[in-house]
Amino acid sequence: MTVHVAASLDGRIAIDRAPTSLSTPEGRRSAHSARAEHDAVLVGSDTVRIDDPRLTLRTADDAPAPTQPLRVVLASALEVPARARLFDERGPVLVFGAEGRASSGAEQALRARGAEVALVPADESGMVALAPVLDRLAARGVRRLLVEGGSRVLTSFFRARLVDVLEVELAMSLLGAPGVPLVGALERPPRLTDVEVVRLGANVLVRGRVVNE
């Protein structure tokens, strides 16, 4: 599983609760290349609400590519805006909610927008448990998963020690507080090995394999 994310030099991925652009044009092309190499791209509901991404693979002229990755959203209470742009694009959208937290009304609203909805057990914090999500995705043939955020989702994957490759587009800027950190507190922070650094215009991409101690 690969994490691909843009972050500032001080490790922030956004200004709190506000859309934040950190990628260069070269960085956006890199993100689309990452999507092309994976079977599914996953984000959390906060990313959908704040950034309103399409999560599609685009061609050079910004048209949708013929083949799209499965678009996956983790939303414990199925709190995904019905007007989100990802529902305007062709291709499947799969929203995972947590059993006991998702209302039937929210589920019906998402299905009316063409999304698939799956309910899985909640973890100890009431969020969608990752293991059953990965099992469901594997059953659909997803072998290569790309996770793009936000912070809660990234933290969950790192805490569960599920990340194999980390790709961070480092923007040459500082966001400071109340910027959102790339990850929250980790009991056993991982390190990177086999690190590569690639220029992406004014930014750089740092890519490496994640080693959990």
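Residues numbered from 1 in each chain as written. Predicted model: local features only at pLDDT ≥ 70, side-chain atom pairs only at ≥ 80, totals over all residues. Heavy atoms only, no water.

1. A closer look at the pattern of salt bridges
A side chain with one charge can pair with a side chain of the opposite charge if their charged atoms come near.
Link 1 in the chain: Summed over the entire model, instances satisfying the criterion amount to twelve salt bridges.
Link 2 in the chain: Salt-bridge contacts for Arg-49 lead to Asp-46; the nearest nitrogen and oxygen are separated by 2.1 Å. Linking Arg-49 with Asp-46, this pair stays in helix 2 (residues 45-51), spanning three residues, or about one helical turn.
Link 3 in the chain: Its salt-bridge partner being Arg-191, residue Glu-213 comes within 2.3 Å of it at the nearest N-O pair. (Salt bridge = Lys/Arg side-chain N within 4 Å of Asp/Glu carboxyl O. Helix = DSSP H or I, 4+ residues; strand = E, 2+ residues; numbered from the N terminus.)

2. Notes on the environment of Asp-39
Link 1 in the chain: Here Asp-39 lies in the loop between helix 1 (25-36) and strand 3 (40-44).
Link 2 in the chain: Each C-alpha atom of the pair Asp-39 and Arg-143 lies 6.6 Å from the other, and the pair is 104 residues apart in sequence.
Link 3 in the chain: If sequence neighbours within four positions are ignored, Asp-39 has contacts with Pro-69, Leu-70, Gly-141, Val-142, Arg-143 and Arg-144. (Contact = heavy atoms within 4.5 Å.)

3. Focus: unusual backbone geometry
Link 1 in the chain: Cis geometry is adopted by the peptide bond preceding Gly-150, which originates at Gly-149 and carries an omega value of 5°.
Link 2 in the chain: Position of Gly-150 among the secondary structure elements: in the loop between strand 7 (145-149) and helix 5 (151-159).
Link 3 in the chain: Following Ala-177, the chain continues into Pro-178 via a peptide bond in cis, with omega recorded as 5°.
Link 4 in the chain: Relative to the assigned elements, Pro-178 resides in the loop between strand 8 (165-170) and strand 9 (180-181).
Link 5 in the chain: Even without glycine at this site, Asp-52 takes up a positive phi of about 50°.
Link 6 in the chain: Inspection of the secondary structure assignment puts Asp-52 in the loop between helix 2 and strand 4 (70-74).
Link 7 in the chain: Since its relative accessible area comes to 25%, Asp-52 is described here as partly exposed.
Link 8 in the chain: One non-glycine residue, Asp-194, adopts positive backbone phi at about 50°.
Link 9 in the chain: Locating Asp-194 in the fold gives a position in strand 10 (residues 191-200). (Buried < 20%, exposed > 50% of the residue type's maximum accessible area, 1.4 Å probe, protein only.)

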